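Summary of the model geometry
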Amino acid sequence: MKTSTPARPPESAPSAAARLRRTRWYQEPRWRRLGALLAVAVTLALMTGEEGTTRDLFFALREDFTGPALWVWVAVAVAVWAVREFLAEQTSGAVRWTRRTASGPLGEARRRWEADRRVRAGVLTALLALVVFGPLGVERYWQQVLVDQIAIFVLLAIGLNVVIGWAGLLDLGFIAFFAIGAYSAAYWTGALPVQPPVALNNFLVLPIAVATCLVAGVILGAPTLRLRGDYLAIVTLGFHEIVYLLAKNAEGVTEGARGVKVERFSVDLGFFSYEWKLDPMPYYWLLIGFTVLAIFLFLRLEHSKVGRAWTAVREDEVAAAATGVNTVRYKLMAFAIGASTSGVAGVAYASKAGYFNPENFAILLSILVLAYVIFGGMGSIPGVLFGAAFLVWLPEALRDWVDPKDRYMYLGALLVIMMIYRPQGVWPSRRRKRELSMAEAGIGGADATGPAEGRRQ
């Protein structure tokens, strides 16, 4: 009697641990982190060292690489790496202890926070009161920074978070919508050579600027959102350059490089009138109101059907389309809705400054807003708020010790270190943090950009 041999089961895809064992020693993550930190140390040594001269082009390099500062920075980098790598066991022990305390007082406080709405409302009210009235005790310079930079960039970061954090679309031209909002304010208040049908108050311009940015987002997205990844990023970059060059060269419409003067915010109800002047605090409170309203609306949107569709598109666009999600439609909505806060920020910026020109909307600002969103944590509104506020504050805090030309070098070094040790951001969303941890472990279904072997497991 002929017996058949049982079929051998198919070999499973190699696990993450097996793939890691096959890598060479210098390809291991810890050694790559050491190399990145050493590169950061060399960069910091050049940043804090001697400045170059026109008479000797290599003077700064010679002094920085032969002096003790380089070795100090290298020692700091190696110490940071050693603490991170070789004390991981103690760190994991602390984490286990923290988890054990979840059944104690900390766990009880957390459960009360999650279960009791009154506790959450009380904490959020106290935090909002601190944000609203805290700046009254700081000096005038920092009040100006809060209004002219932090509050404006927070609004921009909230809008960009919709595009990048929730829908997963790389947008490098987001500041173009900011410019559209500012020029909308200039047009509808009668500050441009081209006069509007009727001159409006700045507050009445706000909904028109939001609608204009929504339409601009649709115009940008309709022909391009079938693109993905780097191709989409290049298109958005081109959109920014088109808006920037039009604002700079169309002198008969936008005043060109001469810039535009815009009236400040004012209210006239007959029985009550008020005009915003040079004091920054009224502008700050107004921007806080815009920010709170935007956060409330976007949080409602995140947990709606639209927000879930954006999540599906971000995690795997092909799978989302296969399950019936109209990916082009929802990506178009992400571009349009994300651009809406830029319209508000543009009107607020133009009305507060009283004057702007095309150089206020350079491509560098788009890169900075993108960095704020990534640093804080893509998809996390608290993280985006923190990232924008902290990274705008940092260059200003360094103004007394660092040359203005070098401030953003420190910002870049901080971003490099953050991407080495915390790529999910300082305050990530739970979903994003879980995706990255699953992708690093090679677990299937982590995201759409993971290795093919991991997705087949």
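For the structure, check the block above.
Here we summarise the structure given alongside this text.

Reading guide: rules and limits
Residues numbered from 1 in each chain as written. Predicted model: local features only at pLDDT ≥ 70, side-chain atom pairs only at ≥ 80, totals over all residues. Heavy atoms only, no water. Helix = DSSP H or I, 4+ residues; strand = E, 2+ residues; numbered from the N terminus. Buried < 20%, exposed > 50% of the residue type's maximum accessible area, 1.4 Å probe, protein only. Contact = heavy atoms within 4.5 Å. Core = buried A, V, L, I, M, F, W, Y, C linked by side-chain atoms within 4.5 Å. Phe/Tyr/Trp six-rings, centres within 6.5 Å; stacked < 30°, edge-to-face > 60°. Lys NZ or Arg CZ within 6 Å of the ring centre and 35° of its normal. Salt bridge = Lys/Arg side-chain N within 4 Å of Asp/Glu carboxyl O. Axes fitted to C-alpha atoms, helices over the stretch in contact; angles between N-to-C directions. Parallel < 35°, antiparallel > 145°, perpendicular 65-115°, else oblique. Left-handed = near helix turned anticlockwise from the far one by under 90°. Nonpolar A, V, L, I, M, F, W, Y, C, P; charged D, E, K, R; others polar. Expected span 1.5 Å × (residues − 1). Polar contact = N/O pair within 3.5 Å; in protein donor to acceptor, adjacent residues only side chain to side chain. Patch = residues over 30% accessible without salt bridge, like charges linked within 9 Å, V, L, I, M, F, W, Y side chains within 5 Å. Areas by Shrake-Rupley, 256 points an atom, 1.4 Å probe, with all protein chains shown as cover.

Turning to the overall build of the protein chain, a few remarks are in order. Within the protein chain, the secondary structure is distributed over 21 helices and four strands. The 457 residues of the protein chain split such that 41% are buried. Long-range pairs, those at least 24 residues apart, make up 70% of the contacts in the protein chain with a sequence separation of at least 6.

Among the nonpolar cores identified, the biggest contains 94 residues, and Leu156, Phe177, Trp310 and Phe356 are the most heavily contacted of them. Per element, the largest residue contribution to this core is 17 residues, and it comes from helix 8 (residues 140–166). Beyond its immediate chain neighbours, meaning those up to four positions away, Leu156 contacts Phe174, Ile175, Phe178, Ser342, Ala345 and Val369.

Within the fold, Leu214 resides in helix 10 (residues 202–221). Spatially, the C-alpha atoms of Leu214 and Ala334 are 9.9 Å apart, while their sequence positions differ by 120 residues. For Leu214, the contacting residues outside a window of four places in its chain are Ala336, Ile337 and Ser340.

Before going further, it helps to spend a moment on the packing of aromatic side chains. Scanning all chains against the criterion turns up 21 aromatic pairs. Ring geometry for Tyr141 against Trp142: centres 5.5 Å apart, planes inclined by 80°, an arrangement best described as edge-to-face. A relative accessible area of 22% places Trp142 in the partly exposed class. Members of the aromatic cluster, each reached through a chain of ring pairs, are Phe178, Tyr183, Tyr349, Phe356 and Phe361. It is Arg329 that lies over the ring of Tyr330; its NZ or CZ is 5.5 Å from the centre. Above the ring of Tyr283, the side-chain terminus of Lys352 is found at 5.5 Å from the ring centroid.

Let us now look at the pattern of salt bridges. Counted under the stated rule, the structure contains six salt bridges. Measuring nitrogen to oxygen at the nearest pair gives 3.2 Å for the salt bridge that ties Lys352 to Asp148. Of this pair, Lys352 sits in helix 16 (residues 327–353) while Asp148 sits in helix 8, and the two are 204 residues apart along the sequence. A relative accessible area of 30% means that Asp148 is categorised as partly exposed. By sharing partners, the salt bridges in this structure join Glu251, Glu255 and Arg258 into a single network.

Time to look at the environment of Phe290. Note that Phe290 resides in helix 13 (residues 280–302). Residue Phe290 is classed as buried on the basis of its relative accessible area of 17%. The spacing of Phe290 and Thr341 is 51 residues in sequence and 8.8 Å in space, taken between C-alpha atoms. Leave out the neighbours within four places in its chain, and Phe290 touches Leu155, Leu206 and Val344.

Close contact between helix 2 (residues 29–48) and helix 3 (residues 59–66) brings their axes to 9 Å; oriented N to C, the two are set at 120°. Taken together, helix 2 and helix 3 sit at an angle that is classed as oblique. Considering only the axes of helix 2 and helix 3, their crossing is right-handed. Seen from helix 2, the contacting residues are Val42, Ala45 and Leu46; seen from helix 3, they are Leu61, Asp64 and Phe65.

On to the packing of helix 9 (residues 175–188) against helix 11 (residues 229–249), then. Following both chains from N to C, one finds helix 9 and helix 11 inclined at 30°, their axes separated by 8 Å at the closest point. Here helix 9 runs over helix 11; the crossing is left-handed. Taken together, the residues of helix 11 that come into contact with helix 9 (itself represented by Ile175, Ala176, Phe177, Ala179, Ile180 and Tyr183) are Phe239, His240, Val243 and Ala247. In the contact of helix 9 with helix 11, the residues fall into nine nonpolar, one polar and no charged.

If you check helix 16, its first and last C-alpha atoms are 39 Å apart, about what 27 residues at 1.5 Å a residue would give, namely 39 Å. Of all 27 residues in helix 16, 21 are buried; the element is thus mostly enclosed. Remark: Gly354 follows helix 16 within two positions and exhibits a positive phi of approximately 80°.

Take Thr236: it is sitting in helix 11. Separated by 2.7 Å, the side chain of Thr236 and the backbone oxygen of Ala233 make a polar contact. If sequence neighbours within four positions are ignored, Thr236 has contacts with Leu170, Asp171, Leu172, Gly173, Leu220 and Phe335.

A contiguous nonpolar surface patch, about 370 Å² in accessible area, is contributed by Leu46, Phe58, Leu61 and Phe65. You can see Leu46 is positioned in helix 2.

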